Amino acid sequence: MSYISQQDIATALGLSKATVSLALKRHPRISQETRQRVEAEAIRQGYQRAPMLSALASYRWSHSHDFQGVLSWVAGRSTGKNFNGMPRNASLDWRQVPEFQDYFTGASQRASELGYKLEEIYLDDYKTTPAQIAKVLMNRGIQGILGCPMPMPHARFEFPVDNFASILIGYSIDSPHLHRVATHHFQNMIDIHEQLVKYGYRRIGYVISSFNLNRVRGNYRAAYLLKQSELFPDLDLPPLENVDHQALIAWEKRYRPDAIITSRHHLRAWPDSIMERIPTELGVAVVSVQNGSTQWAGIDEGSIGVGRTAVQMLAQLVESREVGCPSRPQHCLIESTWQDGDSLPNRS
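Residues numbered from 1 in each chain as written. Predicted model: local features only at pLDDT ≥ 70, side-chain atom pairs only at ≥ 80, totals over all residues. Heavy atoms only, no water.

Caption draft 1: Local environment of the overall build of the protein chain. When helices and strands are counted, the protein chain shows 13 helices and 13 strands. Burial status across the protein chain gives 49% buried among its 348 residues. In the protein chain, the proportion of contacts linking residues at least 24 apart, taken out of those at least 6 apart, comes to 69%. Element-wise, carbon and sulfur atoms account for 49% of the exposed surface of the protein chain, whose accessible area totals about 16900 Å². (Helix = DSSP H or I, 4+ residues; strand = E, 2+ residues; numbered from the N terminus. Buried < 20%, exposed > 50% of the residue type's maximum accessible area, 1.4 Å probe, protein only. Contact = heavy atoms within 4.5 Å. Areas by Shrake-Rupley, 256 points an atom, 1.4 Å probe, with all protein chains shown as cover.)

Caption draft 2: Just the pattern of salt bridges, in detail. Considering all chains together, one arrives at 14 salt bridges under this definition. Members of the salt-bridge network, linked through shared partners, are Glu252, Arg256, Arg277 and Glu281. (Salt bridge = Lys/Arg side-chain N within 4 Å of Asp/Glu carboxyl O.)

Caption draft 3: Fine view of the nonpolar core. Residues Met189, Leu196, Tyr220, Trp251, Ile261 and Trp270 are the most contacted members of the largest nonpolar core, which totals 38 residues. Taken together, the elements giving at least two residues each to this core come down to α7 (185-198), β8 (204-207), α9 (219-231), α10 (245-255), β9 (259-262), β10 (283-286) and β11 (297-300). Looking at this core, the element that brings in the most residues is α7, giving 4 residues. If near-sequence neighbours (up to four positions away) are discounted, Met189 is found in contact with Tyr206, Ile208, Tyr220, Ala223, Tyr224, Ile261 and Val287. Residues Tyr103, Ile167, Leu314 and Val318 belong to the second largest nonpolar core, which totals 29 residues. (Core = buried A, V, L, I, M, F, W, Y, C linked by side-chain atoms within 4.5 Å.)

Caption draft 4: Representation of unusual backbone geometry. A cis amide bond, omega 5°, links Ser175 with the succeeding residue Pro176. For Pro176, the position within the fold is in the loop between β6 (173-175) and β7 (179-183). In this structure, Pro279 follows Ile278 across a cis peptide bond, with omega equal to 0°. Topologically, Pro279 is positioned in the loop between α12 (272-275) and β10. At Arg321, a residue that is not glycine, the phi angle is positive and equals roughly 60°. Along the chain, Arg321 falls in the loop between α13 (303-319) and β12 (331-334). Judged by its relative accessible area of 23%, Arg321 is partly exposed.

Caption draft 5: Highlighting the environment of Pro238. With respect to the helices and strands, Pro238 occurs in the loop between α9 and α10. For the pair formed by Pro238 and Leu225, sequence separation is 13 residues and the distance between their alpha carbons is 8.8 Å. What Pro238 contacts, discounting residues up to four positions off in sequence, is Trp251 and Tyr255.

Structure follows, in structure tokens:
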């Protein structure tokens, strides 16, 4: 059996072998028209990349520490501009969020190991159009974009990503539709609920704001309601998403949970009448624990690992010249681990 080579495709199209090689890698230097011609001819001739050569190239790439190129960590400090789709009254630097800091730490570590430089790009620093921002990134030699989670849910990157390999972290960015890496929020809630039942809790409440819920595409509530319906179908204990003082006090007084699943960020604003009952009368588990702290029991998301995985995937896209929006975006969900804490005594 004879293999179709890149030279065969080049001869048929009257192109150089180098042009065909770059076109099959979807290199941005090759026009879209030429790429489509090459890809169509490759399909017509039945071209397949030699498996052993592909494996060798992959091995060399993954074990190389030579400089490979530049990746960008794209973030927003505030919402003074509205081209990324966020309300103007929201303001948050990603460095204020410990999980986002860990994403960046993990991403930087893995980028360095693979021979890439990871540069920080702040959308708010550019007083220009999205298309011009994309041109700036190309002129700086940036090959891949790693989208940091945005302050608000349903955000948008409106600058064109046609010439960049791109990966998003989390679910706060709705568009464009790109590959993304995220914590497995649905499974995390399942794990929390099962751990509370294992520790002897039965009236398990849920207090997470609709804002936080939207940032994880409803996964927390969906998983919570699933477990409640499976284990305690007759229990009258609805989830609470209005987390202001009066609503929380009224809900807790009416339904009397023996444990609550919540966000540690909400706890800062909880009334003293509830906080002083933790953990003697009321157990608490959080959806994301603070690194190194055992004050609160809950889920350790392993956010550094999320950042490392995101860059691993991004580097592979860069190496294979996969740019722009994929026809079928992939979601890589990272499972987490349980961490015991002072807020949740074992009552079993």
